[in-house]
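Understanding the architecture of this molecule
Residues per chain are reported as follows:
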Amino acid sequence: MKLLMLGTTGRGTKELLLEAKRRGIYTIVTDNLSVEKAPLKLLADEYWMISTADIDILEEKCREEGVAAIMNGISTFNISVCMELCKRLNLPCYCTPESWHYTIDKRQFKDLCISCGVPVAKDYYLSKTPSEKELGEIQYPVVVKAIDQSANRGMSYCNSKEEVLAACEYARSYSASDTVIVERMLKGHEYTAWYALADGKASLVNFGIMFEQEGYPSNCYSVTTTETNKLDLYLKEIDPYITTAFNKAGCKEGLAWIEMMLDDDGHFYVLETGYRMSGDMMALNHKNVCGFNTYAWLVDIATGVKHSYSDLPDPERKLPERCGCTYILWSKDGGKISEITGLDEIKKLEGINLNIDGMLKIGDVVKKHQYLLVITFDTATEDEMIDVIKKINASVAVKNDTGADIVIRFDGFERLQAIAKEANKLGEE
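Positions within a chain are numbered from 1, following the residues in the order the chain's sequence is written. Where totals are concerned, whole chains, interfaces and linings use all residues; where local detail is concerned, this predicted model gives features only for residues with pLDDT of at least 70, and gives and counts side-chain atom pairs only at 80 or more. With hydrogens and water excluded, all non-hydrogen atoms of the structure serve as input to the side-chain values.

1. What to know about unusual backbone geometry
Under the convention used in this document: Numbered from the N terminus, helices here are DSSP runs of H or I no shorter than four residues, and strands are runs of E no shorter than two.
With an omega of 5 degrees, the peptide bond running from Y140 to P141 counts as cis. Considering the arrangement of structural elements, one finds P141 in the loop between α6 (132-136) and β6 (142-146). At K230, a position not held by glycine, the phi torsion is positive, near 65 degrees. Position of K230 relative to the elements: it lies in the loop between β11 (221-225) and α8 (231-237).

2. Remarks on the pairing of strand β2 (residues 26-30)
In regular strands, side chains alternate between the two faces of the sheet. The cut-off we apply is this: Exposure classes here rest on a 1.4 Å probe applied to the protein chains alone. A residue is buried below 20% of its type maximum, exposed above 50%, and partly exposed in between. DSSP-based pairing: two strands are paired if at least 2 bridges between them are found. Throughout, right-handed denotes a crossover for which the path from the first strand over the helix to the second runs clockwise when the strands point away from the viewer.
Burial runs high along β2: four of the five residues are buried. Relative to β2, strand β1 (residues 2-6) runs parallel, the two being bridged by five bridges. Note on β2: the bridge partner recorded for L6 is T30. Taken together, β1, helix α1 (residues 13-22) and β2 constitute a β-α-β crossover, and its handedness is right-handed. As paired strands, β2 and strand β3 (residues 46-48) are joined by three bridges and run parallel to one another.

3. A look at the sheet that holds β2
Across a sheet, paired strands are connected by hydrogen bonds in the backbone, their directions being either parallel or antiparallel. What counts, and what does not: Between the N-to-C directions of two axes lies an angle of 0 to 180 degrees, each axis being a line fitted to C-alpha atoms and, for a helix, fitted only over the stretch in contact. Residues count as neighbours in contact if any of their non-hydrogen atoms are within 4.5 Å of one another.
Here four strands make up an open sheet; going across it, the order is β3-β2-β1-β4 and the pairing parallel. Pairing within the sheet leaves two strands with one partner each, and these edge strands are β3 and β4 (69-72). Taken pair by pair, the neighbouring strands of this sheet meet at an average axis angle of 25 degrees, ignoring direction. Against the sheet, helix α3 (residues 76-89) touches β1 and β4, its axis set at about 170 degrees to β4.

4. What about the pattern of salt bridges?
The criterion, for reference: By salt bridge we mean one thing: a side-chain nitrogen of Lys or Arg within 4 Å of a carboxyl oxygen of Asp or Glu.
Scanning the model with the defined rule gives 33 salt bridges in all. Close ionic contact of R23 with D300 constitutes a salt bridge, the shortest N to O distance being 2.6 Å. Here D300 lies in helix α11 (residues 294-302) and R23 lies in the loop between α1 and β2, a separation of 277 residues in the sequence. Residue R23 is classed as partly exposed on the basis of its relative accessible area of 31%. For E84, the salt bridge goes to R88, with nearest N and O atoms at 2.8 Å. Here E84 pairs with R88, and both are found in helix α3, just four residues apart, close to one helical turn. Residue classification places R88 among the partly exposed residues on the basis of a relative accessible area of 29%. Where salt bridges share partners, they join R107, K110, D111, D123, K145 and E183 into one cluster.

That's the geometry; what it means functionally is another story.
Rendered as structure tokens:
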């Protein structure tokens, strides 16, 4: 069997390739990047220099070469390409355009949640030219969002009518749609839940918590960990309803995640979904800590293996024995990368199953507040997890062309310990 991988830069691509090669599948990678810029091509059995935007050319090439399976990493663009190619070639694909659009349209996803009883923040419908009546119904503070953007692009916090009007125009400047979301501003901690899907059923693989470094944008989540609190509340308030929503959306197989906030009022409110792997590489923790192999699950589907309800993992009802952690190193400033140090040192940490993901190279130009490196590992305890983060902080540096170290280092260890203490107390009960 020949498997075509779309793109080389999407997170999770390497792990999917390795899983396919482990099975003896002949792997091909394609995009228009040179081997120097995309060394992952050398991991595959073959590579093509065809852009993933050239769907007609790819279709013809796949027919010529007898490609029997097509996959991609987390790239939303390449997911769309994968769906179209699989449709043309009559090959398996875990998602459809009908189910996928809930990932890229926050308005449609929010309406889906409301119809299924999933808690979401109260929102206010505004026409393109809002009336005074519409504006007068808003209770501040609110958040204004573009419906088709993530990572807080096009998002604003507003405390007045004038700010809302400006924020709507700002959101539309990022969006392909005139529709915007205006909703009550939540205040609290963000969490993520990941699900495996089969036969239209969903099973909770893991419920985790996210931490940003204080003083930086809230969307720059430095730490995501399986060592969390509030699992019992999540199972009560969200889990039964979001599984219904996945089914209603047509998410019948593969995997999906949702992000939500535990508001100051003590309740969860769901924010968005992704019908794909998450960019934080938590799939490695799910494999090593939770016992679910995301990469194998997706390769199964692409190669024609049909999962049944009985193949789903048992839903998470208690925290894993080990602590899984993803530590994302963000940039606090931009510039051209002049030096990267300390990676070899942390790779040598004894007894730690550690992975470093990132295409970052000397000479690359980065922007302020973007991913630099994603470091995934697991430990026996939360204290050991904190110790590894401290060692990464002490060892790894990324400098720009001015000689400044631009890494945002997480040091909110008291917050981690407080959550872990609450989680341990729940486990004892």
